[in-house]
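# A look at the structure
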Amino acid sequence: LQDISTTTGTNKHKSKDSDTSEHHPNLCELRRMSIHSSCRRLGYGAKLVRACISHAQRSEFGGIKVVTGAWMEAAIGFYTKMGFEDKGRLEYVNGDGSSVTLAHLELIF
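Bear in mind the structure is a predicted one, so any value in this text is a computation, not a measurement.

### A short note on the overall build of the protein chain
Per the secondary structure count, the protein chain includes two helices and six strands. Going residue by residue from the N terminus, the α and β elements of the protein chain occur as β-β-β-α-β-α-β-β. Counting across all 109 residues of the protein chain, residues that qualify as buried make up 30%. Residue pairs at least 24 apart in sequence account for 68% of intrachain contacts in the protein chain once pairs closer than 6 positions are excluded.

Okay, structure coming up:
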């Protein structure tokens, strides 16, 4: 988990049908979570996310943010089943001008 209130980056996020009117400043971010393909659908991912949720709550964060590729439908479905709300899509613009569409999900405590 990473405290996103102190995270900075050089790339720009442009909202694309994402509701960004509601701002929760005390969110942490779940990043680079991956379960090996041979271990998927065995409950390890859910157990890991529940542990992250518990840690974030004990650490007094207001919730957790996840950003994943918009094409990763299984991951988006997994997070929504875990209680995360799909907040829409973001267009991530790289320094070279190329872009990728990302899904933005949040779980607010």
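### Notes on the nonpolar core
Core analysis: the largest hydrophobic core is formed by 18 residues, its most contacted members being L30, V49, I64, V66, Y79, F84 and L105. With five residues, the top contributor of residues to this core is helix α1 (residues 44-58).

### Quick notes on the pairing of strand β3 (residues 27-30)
Burial along β3 is two-sided: the face carrying L27 and E29 and the face carrying C28 and L30 are both buried. Here β3 pairs with strand β4 (residues 63-69) via four bridges, running parallel. In the sheet register, L27 faces β4, and the bridge partner there is G63. For the handedness criterion, the β-α-β arrangement of β3, α1 and β4 is classed as right-handed.

### Topic: the pattern of salt bridges
One pass over the structure, following the stated rule, counts two salt bridges. Between K87 and E85 there is a salt bridge, with the nearest N and O atoms lying 4.0 Å from each other. You can call K87 buried: its relative accessible area is 10%. Two residues, D86 and R89, come together in a salt bridge whose shortest N-O distance is 2.7 Å. Using a relative accessible area of 31% as the deciding quantity, one classes D86 as partly exposed.

### Some points on the confidence of the model for the protein chain
Counting all residues, the mean pLDDT for the protein chain is 85, and 79% of those residues have values of 70 or more. This stretch, residues 2-21, has a pLDDT under 50; its non-local contacts, to residues over four places away or in other chains, come to 44 contacts.

### A closer look at unusual backbone geometry
For R32, which is not a glycine, the phi torsion comes out positive at approximately 55°. With respect to the element layout, R32 can be found in the loop between β3 and α1. Positive phi is not limited to glycine here, since E60 has a value of about 65°. Counting through the fold element by element, E60 comes out in the loop between α1 and β4. By relative accessible area, E60 is classed as exposed at 66%.

The rules behind these values
- Residues numbered from 1 in each chain as written.
- Predicted model: local features only at pLDDT ≥ 70, side-chain atom pairs only at ≥ 80, totals over all residues.
- Heavy atoms only, no water.
- Helix = DSSP H or I, 4+ residues; strand = E, 2+ residues; numbered from the N terminus.
- Buried < 20%, exposed > 50% of the residue type's maximum accessible area, 1.4 Å probe, protein only.
- Contact = heavy atoms within 4.5 Å.
- Core = buried A, V, L, I, M, F, W, Y, C linked by side-chain atoms within 4.5 Å.
- Pairing = 2+ DSSP bridges.
- Right-handed = clockwise from strand over helix to strand, strands pointing away.
- Salt bridge = Lys/Arg side-chain N within 4 Å of Asp/Glu carboxyl O.
- pLDDT = per-residue confidence, 0-100.

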